[in-house]
Amino acid sequence: MPTLVRKILIANRGEIACRIIGTARRLGIATVAVYSEADRHARHVAAADEAILVGPAPAGKSYLDGAKIIAAAKYAKADAVHPGYGFLAENADFAEACAGAGLVFVGPSPASIRAMGDKARAKALMAEAGVPIVPGYFGDDQRAGRLAEEASRIGYPVLVKPSAGGGGKGMKIAASTEDFSTALDSAKREAAASFGDDRVMLEKYLAAPRHVEVQVFGDGHGTIVHLFDRDCSIQRRHQKILEEAPAPGLSDELRKAMRAAAIAAARSVAYIGAGTIEFLVTPADGAFYFLEMNTRLQVEHPVTEMITGLDLVAWQIRVAEGARLPLAQDEITAAGHAIEARIYAEDPARDFLPRTGSLERVAFPPASPDVRVDSGVGAGDEISIHYDPLVAKVIAHGEDRPSALRRLGHALGETRILGVETNLGFLRRVLAHAAFLEARLDTSFIERHSAALVAEAKPAAAEVLALAVLGLLCERDAEARSSAMLDPWNARDAWRLNEAAEETIHVRDATAQEAHAEAIRVVHTPGAWSLALADGTQYFRSSGALAADGTLRVDLDGHRVEALWMRSGPEIRLATREGEQHRFLVQSLEARGPHGGGQTGRLTAPMPGRIAAFLVAPGAEVAANTPVLVLEAMKMEHMLRAPSAGIVREFTFSLGDQVAEGALLVTFDPDGA
Ligand code: ADP
């Protein structure tokens, strides 16, 4: 007799917590979120029916603390726990503790998790079950001498992998005997640091394989089905960024063999719930090898949902309740093609280094039956050092691969993010690359094509510069209008009268390497501006409007263009369809506070940064605009000037201090005060 789940606790955060809450709500199941102190205002907390604080920001003290999470579930009288992916999702002890506390764990049995959790043991198990594995060494003898011998037996190049690994961490390639001990030491060090377990295994390093995986589902009644395959070959640092279903261009025999192997693998551990069997495929000889089984929902599960029309989370809950799978193998069908792009806060030009910061302005494409956006963050949220830097997943479906790719490209063009650097432009370039369009996919794709995929820092195009300046003009216009509304006699700027007035705005492109300020001539005419750029480009009649969410809509000589725009102090940020975030500095604003009007007696930080130098000492008498300190922000130095004449009273920070935007830096006794 199946039990009915009525209230579920989601032991996760971010997009996956939001996604699970969505299905639970649809099924009429009450939801309980858990959150850390850093996530008080997070989307998943607001989306759930109730939410429980489980600890401070570091995951080890909150999202990874199984005892606290179980206590929260009991306190909220939840009857089930969904672990999402990551955190406790593949922790057998946690699954066991849930059962011990009378909670339904939405996932496989602790025994299945254990059997697949140790990669080396899983490979041995798979070999027994007749599933092909990459030639390698998966033994317990971890002496360096033995490992070196095994590496020579396998034949170079050899991949050294942490046995307890995940997320591509700690994997090292040894090209030859000479490299082996260096690779081994470094893999062991990273494994110990990341997983608290320095055991490794060795594998033949395959040249440019494809990563193809099969989605499986089992119930507690002995049925195991597959839900087709996915290609996840587009990876950086051995981690996926684009995934699609079905995997393009595989022969029917290969597909059939992989599905059968996946089901055999799942059956060998009596698998219940959603699971993924990952394989490496060498298309040249049609061989495939078991890589690992993930005993949970995958990040990329939406592509499978889009081709099958099924809700995998609903299936997970149903199976956890003890019910049979809702469909038999021959009733599960797939239509069309789906592809997912993972938008990460990271810097593709610096080896995909994760970035942190505040998402100042965010615009996602409108959801439709063929475009899905899974995200756990929005404007004003922080991408912090504590958690995964995933901002959103954008997923598109089409009747075939080219139409799915086109739709995803368009959706990414409508995705604009300001504040944190992301891989959005990089993803768009992958999507547009000829090799990708032709589905010539393998795990070395990004490395091989990196020159074409990483954007060079080139000066912004004329249109982009014009958009930056128009945003400023629109903002000023709106401000003038609102103060005119308060007091009509305030509207006294010459250019607001019905006659033409001219000004020059000096803008420096802060993204380009050698940035010098460009002078842009602006002529104000009634209801419009005309712009003349240094390179000779002219826009005779431009107009626009800036919405409160940062959406800038302008008309450049009849060409309507849209962008996301924001300003903090002298810095303008702009995101256009190309996916890149542009930064400009407006010279006339460099001495002013965060919202334009400089404050007498106080100098505040126009942007987050580090105090790089003091140019005067407390007690010094300064004139208005005297440089007083240097703030280093985003690898650039910004001179901050005295807001008015006076005497410097105090510097509130020390040299080298990190300061937040808006922080009070210097106090003055203004002249005459
Ligand atoms: P993790 O669990 O850390 O993500 P996996 O074993 O799943 O590690 O491998 C991640 C990726 O690393 C694969 O998708 C593939 O790109 C690469 N990789 C793993 N093993 C091999 C191998 N033997 N040869 C070549 N590439 C490999």
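The residue count restarts for each chain, going from 1 along the sequence in the order it is written. With the structure being a predicted model, the display of local features is reserved for residues of pLDDT at least 70 and the display and counting of side-chain atom pairs for 80 or more, all residues being used for whole-chain, interface and lining totals. The side-chain figures draw on all heavy atoms in the structure; neither hydrogens nor water molecules are used.

## Structural notes on the overall build of the chain
Turning to step 1, where the next piece is worked out: Secondary structure elements are defined from DSSP: runs of H or I of at least 4 residues count as helices, runs of E of at least 2 residues count as strands, and each element is numbered from the N terminus. Looking only at helices and strands, one finds 17 helices and 39 strands in the chain.
Turning to step 2, where the next piece is worked out: For the radius of gyration, the atoms used are the C-alpha atoms, and the globule rule reads 2.2 Å times the number of residues raised to 0.38. For 673 residues, the compact-globule formula gives about 26 Å, and the C-alpha radius of gyration of the chain, at 28 Å, lands near that figure.
Turning to step 3, where the next piece is worked out: The dimensions of the chain, computed from C-alpha atoms along their principal axes, are 85 × 60 × 55 Å.
Turning to step 4, where the next piece is worked out: Two residues form a contact once any of their heavy atoms are found within 4.5 Å. Contacts in the chain between residues far apart in sequence, at least 24 positions, make up 62% of those at least 6 positions apart.
Turning to step 5, where the next piece is worked out: For the chain, the computed accessible surface area is about 28,400 Å², with 52% contributed by carbon and sulfur atoms.
Turning to step 6, where the next piece is worked out: In this charge count, Lys and Arg are treated as positive and Asp and Glu as negative; neither His nor the chain ends contribute. The atoms used to mark charge sites are NZ of Lys, CZ of Arg, CG of Asp and CD of Glu. Distance between charge centroids for the chain: 3 Å, based on 72 positive and 87 negative side chains. The Shrake-Rupley method, run with a 1.4 Å probe sphere, supplies the accessible areas, and residue values consider only the shown protein chains as cover.

## Focus on the pattern of salt bridges
Where side chains of opposite charge bring their charged atoms close, a pairing between them can arise.
Turning to step 1, where the next piece is worked out: We define a salt bridge as a side-chain nitrogen of Lys or Arg found within 4 Å of a carboxyl oxygen belonging to Asp or Glu. On inspection of all chains with the given rule, the structure shows 52 salt bridges.
Turning to step 2, where the next piece is worked out: The shortest N-O distance in the salt bridge between Arg-342 and Glu-300 comes to 3.2 Å. Taken together, the residues span a long stretch of sequence, with Arg-342 in strand 15 (residues 337-344) and Glu-300 in the loop between strand 14 (287-294) and helix 10 (301-308) at a distance of 42 residues. A single burial state applies to Arg-342 and to Glu-300, both of which are buried.
Turning to step 3, where the next piece is worked out: Salt bridges sharing partners connect three or more residues here, namely Glu-213, Arg-230, Lys-240, Glu-243, Glu-278, Glu-300 and Arg-342. Burial classification: accessible surface area is computed with a 1.4 Å probe over protein chains only, and a residue below 20% of its type maximum counts as buried, one above 50% as exposed, and the rest as partly exposed.

## Points about the side chain of His-582
Turning to step 1, where the next piece is worked out: Along the polypeptide, His-582 turns up in strand 31 (residues 581-586).
Turning to step 2, where the next piece is worked out: The class of His-582 is buried, set by a relative accessible area of 14%.
Turning to step 3, where the next piece is worked out: In this structure, His-582 is in contact with Ala-460, Val-464, Thr-511, Ile-572, Arg-573, Leu-574 and Thr-576, ignoring residues within four places of it in sequence.

## A word on the sheet that holds strand 32 (residues 602-604)
Turning to step 1, where the next piece is worked out: With antiparallel pairing, the 4 strands of this open sheet are ordered in space as 32-39-37-34. Where the open sheet ends on each side, the last strands, each with one partner, are strand 32 and strand 34 (621-622).
Turning to step 2, where the next piece is worked out: By this definition, two strands are paired if DSSP reports at least two bridges between them. Pairing geometry for strand 34 and strand 37 (residues 646-651), over 2 bridges, is antiparallel. Paired with Val-622 across the strands is Gly-646, a residue of strand 37.

## Here's the deal with the packing of aromatic side chains
Turning to step 1, where the next piece is worked out: For Phe, Tyr and Trp, where Trp contributes only its six-membered ring, two rings pair if their centres lie within 6.5 Å, and the inter-plane angle classes them as stacked under 30 degrees, edge-to-face over 60, or tilted in between. Here the structure, examined in full by the defined rule, presents 8 aromatic pairs.
Turning to step 2, where the next piece is worked out: Arranged with centres 5.2 Å apart and planes meeting at 85°, the rings of Phe-279 and Phe-288 form a pair that is edge-to-face.
Turning to step 3, where the next piece is worked out: Looking at Phe-279, the relative accessible area reads 0%, which means it is buried.
Turning to step 4, where the next piece is worked out: With a centroid separation of 4.4 Å and an interplanar angle of 50°, the aromatic rings of Phe-614 and Phe-651 are classed as tilted. One end of the pair, Phe-614, is in strand 33 (residues 609-614); the other, Phe-651, is in strand 37, and 37 residues separate them in sequence.
Turning to step 5, where the next piece is worked out: Members of the aromatic cluster, joined through ring pairs, are Tyr-63, Phe-87 and Tyr-387.
Turning to step 6, where the next piece is worked out: The rule is short: NZ of Lys or CZ of Arg within 6 Å of the ring centre and within 35 degrees of the ring normal puts a charge over the ring. Here Arg-236 stacks its cationic end above the ring of Tyr-344, 4.7 Å away from the centre of that ring.
Turning to step 7, where the next piece is worked out: Across the ring face of Phe-436, the terminal group of Arg-401 is positioned such that the distance to the ring centre comes to 4.8 Å.

## Here we look at the domain arrangement of the chain
Turning to step 1, where the next piece is worked out: Assigned domains within the chain: domain 1 (7-106), domain 2 (135-204), domain 3 (207-335), domain 4 (336-455), domain 5 (462-589) and domain 6 (602-670).
Turning to step 2, where the next piece is worked out: Where each domain begins and ends is defined by an automated method or by a domain database. Inter-centroid distance (C-alpha atoms) of domain 1 to domain 5 is 46 Å.

## Observations regarding the packing of helix 5 (residues 110-117) against helix 6 (residues 119-128)
Turning to step 1, where the next piece is worked out: Inter-axis angles, ranging from 0 to 180 degrees, are taken between N-to-C directions of lines fitted to C-alpha atoms, where helices are fitted over the stretch in contact. The interhelical angle for the contact between helix 5 and helix 6, taken along N-to-C directions, is 95°, at an axis separation of 6 Å. In terms of orientation, helix 5 and helix 6 fall into the roughly perpendicular class. Mapping the contact onto sequence places Ala-115, Met-116 and Gly-117 in helix 5 and Lys-119, Arg-121, Ala-122, Leu-125 and Met-126 in helix 6.
Turning to step 2, where the next piece is worked out: For this scheme, ten residues count as nonpolar: Ala, Val, Leu, Ile, Met, Phe, Trp, Tyr, Cys and Pro. Four count as charged, namely Asp, Glu, Lys and Arg, and the remainder, Gly too, count as polar. A class-by-class count of the residues in the contact of helix 5 with helix 6 yields 5 nonpolar, 1 polar and 2 charged. Reported orientations rely on four angle classes, namely roughly parallel under 35 degrees, roughly antiparallel over 145, roughly perpendicular from 65 to 115, and oblique for the rest.

## Describing the sheet that holds strand 22 (residues 390-398)
Turning to step 1, where the next piece is worked out: If you trace the 8 strands from one edge of the open sheet to the other, you get 14-13-10-11-12-15-22-20, paired in antiparallel fashion. Looking at the sheet topology across the chains shown, the edges are occupied by strand 14 and strand 20 (371-375). Sheet twist, expressed as the mean angle between neighbouring strand axes with direction ignored, is 25°.
Turning to step 2, where the next piece is worked out: By the bridge criterion, 5 bridges tie strand 20 to strand 22 in an arrangement that is antiparallel. Counterpart to Asp-374 in the pairing with strand 22 is Lys-393.
Turning to step 3, where the next piece is worked out: Helix 10 contacts strand 10 (210-218), strand 11 (224-236), strand 12 (239-245), strand 15, strand 20 and strand 22 of the sheet and is inclined by roughly 25° relative to strand 22.

## As for the site of the ligand
Turning to step 1, where the next piece is worked out: The environment of the ligand is formed by 19 residues, the closest being Lys-119, Gly-168, His-211, Gln-235 and Glu-292.
Turning to step 2, where the next piece is worked out: Counting of polar contacts relies on pairs of N or O atoms within 3.5 Å, with two restrictions inside protein: one atom must be capable of donating a hydrogen and the other of accepting it, and residues adjacent in sequence are counted only when both atoms are side-chain atoms. Taking Lys-161, its side chain carries an N or O atom lying 2.9 Å from an oxygen atom of the ligand.
Turning to step 3, where the next piece is worked out: Here an oxygen atom of the ligand sits 3.2 Å away from a polar atom, N or O, in the main chain of Gly-167.
Turning to step 4, where the next piece is worked out: In the complex, 95% of the free accessible area of the ligand, which totals 560 Å², lies under the protein chains.
Turning to step 5, where the next piece is worked out: Among the elements of the structure, strand 7 (158-162), strand 9 (200-204), strand 13 (273-282) and strand 14 are those that each provide at least two residues to the shell around the ligand.
Turning to step 6, where the next piece is worked out: For the shell around the ligand, the per-class residue count stands at 6 nonpolar, 7 polar and 6 charged.
Turning to step 7, where the next piece is worked out: Built from parts of two domains, the shell around the ligand gets at least three residues from each of domain 2 (135-204) and domain 3 (207-335). Being near a molecule or strand, for a residue, comes down to having at least one heavy atom within 4 Å of it.

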